[in-house]
Amino acid sequence: MIRSLCLGHIGVSFRTSSYLATMCDTSVANPDSGSATSHQPVVDAQNIINSDMNNKETDKRPEYKWKKAKKMAAMLSFSGKDYLGMQRNVGFKTIEGELLDAFSKSGVIDPDWVDNPQKAFFQRASRTDKGVSALKMIISLKLLDDERLIEKVNMCLPTDIKLQAVVRVTKNFNCKSAADARTYLYLTPSFAFSPATEIVSEDWRCEPDTVKNVNSVLKNFVGAHYFHNYTSGKLPLEPSSQRYIYDFECGEPFIRQGMEWCIIKVKGQSFMLHQIRKMIGMTIAIVRGHTDVSKLEETWGMERIDIPRAPGLGLVLEEIHYDRYNKRYGSDGIHDPLSWEKQEEDIEKFKENFVFSDIVRTEKEEKSMFEWMSVLTMHKFIPRHFEEDGPRSPIAQVLHALGKDTLEKEADEDQKGNENEEITGTNQSI
């Protein structure tokens, strides 16, 4: 009877059942009482059952709330002036570092994910360099769904970074590989287009045909080309250096804080490191007369040509495009399209109050474009192995006509020194 009660108790573990069976089998007559059975094993069995149930309650783990996190696309704007780029870099102030800290403080990600963002399936759509800003940046990661998510995160972010929206995306969404194209802006003082033979100041203004001349140069970049000379670590005609440019144009000039400015807008499938800044640097060099437009064809060929890199201050990522994703999932009734229409007004305010205002103020204080233009004459735009026998650039021809060959010789010496430093720096970065 005792044996059947013990083995029939529901919820007892296999270990407990085996032990009870042993207890029951050893329930022999008590020599003191003379009885053939004893009730002591029943008491011991009940104690074991209670102990086993208590252990189960103690061993129960606390609920891991972040297992409910869903794949989201976070849409943000930031001014990169005071940051060492987008990508997280331990020990340095970066956009991702500030953003992950804010997500953690607001309770929408596991604090452990801050140092291990791959656990949140974190991915950035585009990497920005030091000082580069973004108006419509996208990152994808797993977040807890919270009605006040945007408000909570923005309370933990500095004012120069703003989370604009959060959109539910597909489980396997990757904001980098899903992007169709990227659009960048470059805000520059218009005196960057002044002829090299003129004395330049902040009072310089565009001529009626200046913007037209700039656009006539920019249109040469449209289409597919090999941009190995516009980045580092790429060989001539290397397949990975081929990029497709959809649009490239300069807008009409406008006045801001007593200076005239122009916005250059470029849309491409993707861009390599320094590619946009070198394309703009090459354009300015052609417009000013340091070289001619025929040199562009050579930069896409087999030769290695030294191309000036425009200052990074005015570069801004405007938007990342997801036309294919929106067409497939944007109207499926489950996911929202990656669209910025509802945030356009807030983004425009952020652009004027933080991004463009910072660029204008910094340029007036540091004069980065002026300093860059002062060394532009050092670039010869000829294959590095044939510099001594190469033809004179247009600006060199003017200097020669004015009897200023000594200035050109000094520029030659400075250029050689700069090229050696550039090659060393490139090897270190790679």
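Okay, so let's go over this structure. Quantities reported herein were computed from a predicted structural model and do not represent experimental measurements.

Another aspect to go through is empty space enclosed by the protein. Overall, the coordinates contain one cavity of 30 Å³ or more when judged by the stated rule. Of the voids in this model, the largest cavity is the one considered here, and its volume is about 60 Å³. As for the largest cavity, its lining consists of Tyr186, Leu187, Pro189, Trp261, Pro311, Leu313, Gly314, Ile359, Glu363, Ser368 and Met369. Among the elements that take part in the lining of the largest cavity, strand S5 (residues 181-189) stands out by supplying three residues, more than any other.

It is worth spelling out the packing of aromatic side chains at this point. All told, the structure shown has twelve aromatic pairs when counted by the stated rule. Seen from their ring centres, Phe227 and Tyr230 are 5.4 Å apart, and the 75° between their planes marks the pair as edge-to-face. Here the two residues Phe227 and Tyr230 agree in accessibility, since each one is buried. Consider the rings of Phe227 and Trp300, whose centres lie 6.3 Å apart with planes at 80°: the pair is edge-to-face. Of the two residues, Phe227 is situated in the loop between strand S6 (223-226) and strand S7 (242-250) and Trp300 in the loop between helix H8 (295-299) and strand S10 (315-321); the sequence distance between them amounts to 73 residues. Directly above the ring of Tyr83 sits Lys93, whose terminal nitrogen or CZ lies 4.9 Å from the centroid. Between Lys267 and the ring centre of Tyr246, over which it is positioned, the NZ or CZ distance is 5.8 Å.

Another point: unusual backbone geometry. The backbone phi angle of Leu237 is positive, close to 60°, even though this residue is not glycine. Within the secondary structure, Leu237 is located in the loop between S6 and S7. Under the relative-accessibility criterion, Leu237 is labelled partly exposed at 38%. Residue Phe381 is not a glycine yet carries a positive backbone phi of 60°. Looking at the element boundaries, Phe381 is found in the loop between helix H11 (368-374) and helix H12 (394-401). The exposure class assigned to Phe381 is buried, which follows from its relative accessible area of 1%.

It is worth spelling out the pattern of salt bridges at this point. Scanning all chains against the criterion turns up 17 salt bridges. Between Asp115 and Arg88 there is a salt bridge; the shortest N-O distance is 2.9 Å. Placement of Asp115 in the loop between helix H4 (95-105) and strand S2 (123-124) and of Arg88 in the loop between strand S1 (70-78) and H4 is noted, with a sequence separation of 27 residues between them. Under the relative-accessibility criterion, Asp115 is labelled exposed at 55%.

What counts as what
Residue numbers here run from 1 along each chain, matching the order of that chain's written sequence. In keeping with the predicted nature of the model, local features appear solely for residues at pLDDT of at least 70, side-chain atom pairs appear and are counted solely at 80 or more, and the whole-chain, interface and lining totals rest on all residues. Hydrogens and water are ignored here; the side-chain numbers use all heavy atoms of the structure. Only protein atoms enter the 1 Å grid used here, on which a cavity is any set of points holding a 1.4 Å probe that cannot leave and a pocket is any open set flanked by protein within 12 Å on both sides along at least five of seven lines; residues with an atom within 4 Å of a point are listed as lining. Grid points are joined across faces, edges and corners, and a volume is the space filled by probe spheres set on the points. Secondary structure elements follow DSSP: runs of H or I no shorter than four residues count as helices, runs of E no shorter than two count as strands, and numbering proceeds from the N terminus. Two rings from Phe, Tyr or Trp (for Trp, the six-membered ring) form a pair when their centres are within 6.5 Å of each other. A pair whose planes differ by under 30 degrees is stacked, one over 60 is edge-to-face, and the rest are tilted. Burial classes follow relative accessibility: with a 1.4 Å probe on protein chains only, a residue under 20% of its type's maximum area counts as buried, one over 50% as exposed, and anything between as partly exposed. Charge-over-ring contacts are defined here by two conditions on Lys NZ or Arg CZ: a distance within 6 Å of the ring centre and an angle within 35 degrees of the ring normal. By salt bridge we mean one thing: a side-chain nitrogen of Lys or Arg within 4 Å of a carboxyl oxygen of Asp or Glu.

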